[in-house]
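Architecture at a glance
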Amino acid sequence: MADTLEFNDIYQEVKGFMNDGRLRLSKTGLMYKNSKTGKVENIAAADFSEGLWRRVALGYGLRLLTRGGHVYKYDGFREAEFEKLSDYFKNHFQVDLVEKDMCVKGWNWGSVRFGGQLLTFDIGEQPAFELPLSNVSQCTTGKNEVTLEFHQNDDSDVSLMEIRFYVPPSQDDGGDPVEAFAQNVLSKADVIQATGDAVCIFRELQCLTPRGRYDIRIYPTFLHLHGKTFDYKIPYTTVLRLFLLPHKDQRQMFFVISLDPPIKQGQTRYHFLILLFAKDEEISLTLNMNEDEVEKRFEGKLTKNMSGCLYEMVSRVMKALVNRKITVPGNFQGHSGAQCITCSYKATSGLLYPLERGFIYVHKPPVHVRFDEVQCVNFARGTTTTRSFDFEIETKQGAQYTFSSIEREEYGKLFDFVSAKKLNIKNRGLKEGMKQSYDDYADSDDDQQHDAYLVRMKAEGKIRENADSDDSGDESDESFNPGEEEDEVAEEFDSNPSSSSSSAGSDEEEKVEKKKKKPKETKPVKEKKPRKKKEKKGKDPAAPKRPMSAYMLWLNASREKIKGDNPGISITDLSKKAGEIWKGMTKDKKEEWDRKAEEAKRDYEKAMKEYNENAPSGTPKKEPKSKGEKRKSAKTEKPKKAAKPASPARTPVKTNTVKSKEFVSSDESSSDESTQKKGSDEEMASTPPSSNESGSD
């Protein structure tokens, strides 16, 4: 037999609500982990006293009774699992798992049986329903009648508010049966009554949620918040976690108490109790117990007389009474050295603390997200400015939390922390590429005003270009002529003037020319001739198709498999996923597709050779031009237009002069300039550049 048994999708009934979780049985006992809250319940093997197996709404259920009288109910088992569970309980816990059915007659009369913390209403020998007395919040009596009121669970859609029992008068003189019934209920009910003196009292503590100043009175079983308007009684059994968090200013401390179920104020629910302390505030505390009682109850965790910082005293007392660990920040340190990050959540500024097992946001509204319930995280561009970014957390339950307005200097620290915790990051490849970009401008001067979004887009473009390099390697556009494009660009944007123009004139002549400069004379503008657009050559449909690359051959063969492994994936995500898989493939696996690509290339070359041989005689063929043709075309082509020098030298002359070579063939030249083109190249090269303004017509 296996040493452990594990069951997923098991439900625990708590105040009328079925909590989803995972159940594990081992030699040491039973462990149940709540999927929603992460709370873990442990029952030692020696505590089991009774086990029942019965048919319930969600299949089959297990009801366990401990020696202390506590009842635990777990539903969601299958009928075939009874024998396996029965043998395990008998061999490891020495408890017989009894199979017993519930009564479904629907009668409303029967007998009441009290066993531990459970009230059972029996009809005949079968139980009709059971009530855990720990759920009872109030018990009132009347003439031959007892009314029970119950604690409410906010997660439950339908709740049992109260139930009334009619108790017939007894024929014996043994006492009042109604009073006896009520005493049995109250002895096990979770009725909060502030009886007796408090263990200690902390006065006028600053509370952020619920907001105000409260006196905190510590009782053995519950916590009493007493304010000017509201009072709250919080049982220690509802405390889920404790957090002690330093403020970013290093002068204050947060003490956070996580509650399940939460406390209520009208329709408002408070899942967290947040106290704010000054670090330098101290207190001397004396417990309202004698030293023997303190030693016996707290086993050295507390002493009768204590002194120190106020936040230390509160956290120490709460830890001893609640018997839970206090969570503090881990090794994370932000850009400023603090253990938290300033951000905004729902338009309210607060602090985000990356912990060892989750994130907690303080304070309005407080949010706690555990790592085991995180589906993925995402780093997004800030919506209002390029100097910040957003951090998004998406849970497995579908909830999404967006923490915005995080300073860009925190990007590298937070990214490294998330990566170290092995959380799933959306578009992880892109984020790693962008990390260096964020780090590069994180320490830059604010006056430079870098465009963070532009840097990020460039980084993404480079990463996508590298990922798709195999895809687009063998494909080209036939209408693209590199030489011609370069000529056009050089003609319009050439910034290197010719040597003749740069060497003409001296600095002194330039100064004289600036002083004698006159306004330009208006000259008739020569109409521009529209540039003829090159006609794109049509592609012959009979021509062989270019061969595909090894990556494209593999992608066509693997596309359906990738879609099947990732249902609902978009075309963009499919391309990214395929690129990641192709990059991760070994060289041996790629060789097969390389061979297929080589074969396709050889077939293409062979088909292209046959196509050229069989091409009709009228089809123009691309052949290299002769030298004579090159000279002729050189005369007809426009020479490159050089940009004007930064400070051209001009010499005043009395007669019309010819412009230098760099201005000869400009589209904007005047009619006079066109007549002077007839001069020889030697004349134009030797003539210094002159100004039209100083010449006479």
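Each chain carries its own residue numbering, running from 1 in the written order of its sequence. Local features in this predicted model are restricted to residues of pLDDT 70 or higher, and side-chain atom pairs are both shown and tallied only at a pLDDT of 80 or more, whereas totals for entire chains, interfaces and linings draw on every residue. Hydrogens and water molecules were not included; the side-chain quantities draw on all heavy atoms of the structure.

**Quick notes on the sheet that holds strand 9 (residues 111–115)**
Read across the open sheet, the 3 strands follow the order 9-10-11; overall the sheet is antiparallel. A single partner strand is all that each edge strand has here, and the edge strands are strand 9 and strand 11 (126–132). When the angles between neighbouring strand axes are averaged without regard to direction, this sheet yields 25 degrees. In this sheet, strand 11 lies alongside strand 10 (residues 118–123) in antiparallel orientation, the contact comprising 6 bridges. In the sheet register, L119 faces strand 11, and the bridge partner there is L131. Contacts are assigned to residue pairs with any non-hydrogen atoms lying within 4.5 Å of each other. To obtain an axis, a line is fitted to C-alpha atoms, over the contacting stretch when the element is a helix, and the angle between two such axes runs from 0 to 180 degrees between their N-to-C directions. Strands are runs of DSSP state E lasting at least two residues, helices are runs of H or I lasting at least four, and both sets are numbered from the N terminus onward. Lying on the sheet, helix 2 (residues 177–188) is in contact with strand 9 and strand 10; it crosses strand 9 at an angle near 35 degrees. One bridge is not enough; two strands pair if DSSP finds at least two bridges between them.

**What to know about helix 1 (residues 82–93)**
Taking 1.5 Å per residue, 12 residues should reach 16 Å; helix 1 reaches 16 Å between its end C-alpha atoms and fits that length. Burial classes follow relative accessibility: with a 1.4 Å probe on protein chains only, a residue under 20% of its type's maximum area counts as buried, one over 50% as exposed, and anything between as partly exposed. The set of residues buried in helix 1 consists of F82, L85, S86, Y88, F89, H92 and F93. Within helix 1, the buried residues cover an arc of 165 degrees as seen down the axis, which keeps them to one side. Exposed residues pointing more than 90 degrees away from the buried face of helix 1 are listed as E83 and K90. Trailing helix 1 by a residue or two, Q94 shows a phi angle of about 55 degrees, which is positive. A helix is expected to span 1.5 Å multiplied by its residue count minus one. The directions from the helix axis to the C-beta atoms are what the arc is built from.

**Section: the sheet that holds strand 21 (residues 268–278)**
If you walk across this open sheet you meet the 8 strands as 18-17-16-15-21-20-19-24, and the pairing is mixed. The outermost strands of the open sheet, each flanked by one partner alone, are strand 18 (231–235) and strand 24 (326–327). As paired elements, strand 17 (residues 222–226) and strand 18 share 5 bridges and run antiparallel to each other. The residue of strand 18 that forms the bridge with H226 is D231. Where helix 4 (residues 310–322) meets the sheet, its contacts fall on strand 15 (200–209), strand 16 (212–218), strand 17, strand 19 (239–246), strand 20 (252–265), strand 21 and strand 24, and the angle it forms with strand 15 comes to roughly 100 degrees.

**Describing the confidence of the model for the protein chain**
On a scale of 0 to 100, pLDDT captures the predictor's confidence in every residue. Chain-level pLDDT for the protein chain is 76 on average; 70% of the residues reach the 70-or-more range. Low pLDDT, under 50, characterises residues 441–450; the stretch is placed with 10 contacts to residues that sit more than four places away or in other chains. Within the model, the stretch residues 621–640 combines pLDDT values under 50 with 8 contacts to residues more than four positions away or in other chains.

**Examining the pairing of strand 25 (residues 341–345)**
Of all 5 residues in strand 25, 4 are buried, a share of seventy percent or more. Examined bridge by bridge, strand 25 and strand 26 (residues 348–354) share 5 bridges and lie antiparallel to one another. Pairing of I341 across the sheet is with L352, part of strand 26. From the end of strand 25 to the start of strand 26, which pair antiparallel, there are 2 residues, and K346 there has a positive phi angle of about 55 degrees.

**What to know about the environment of E392**
With respect to the element layout, E392 can be found in strand 30 (residues 388–395). The exposure class assigned to E392 is buried, which follows from its relative accessible area of 18%. Between the C-alpha atom of E392 and that of S404, which follows or precedes it by 12 residues, the distance is 8.3 Å. The contacts of E392, once residues within four sequence positions are left out, are C376, V377, N378, A380, Q400, Y401 and T402.

**Some points on the packing of helix 11 (residues 550–565) against helix 12 (residues 571–584)**
Where helix 11 contacts helix 12, the two axes come as close as 10 Å, and the packing angle between them is 115 degrees. As for how helix 11 packs across helix 12, the hand of that crossing is right-handed. Every residue of helix 12 that contacts helix 11 at A550, Y551, W554, L555, R559, I562 and K563 is listed here: L574, S575, K577, A578, G579, I581 and W582. Only Asp, Glu, Lys and Arg are considered charged in this grouping, and only Ala, Val, Leu, Ile, Met, Phe, Trp, Tyr, Cys and Pro are considered nonpolar; every other residue, Gly among them, is considered polar. Its residues placed into classes, the contact of helix 11 with helix 12 shows 9 nonpolar, 2 polar and 3 charged. Here a crossing is taken to be left-handed if its near helix is turned anticlockwise relative to the far helix by less than a right angle, and right-handed if that turn runs clockwise.

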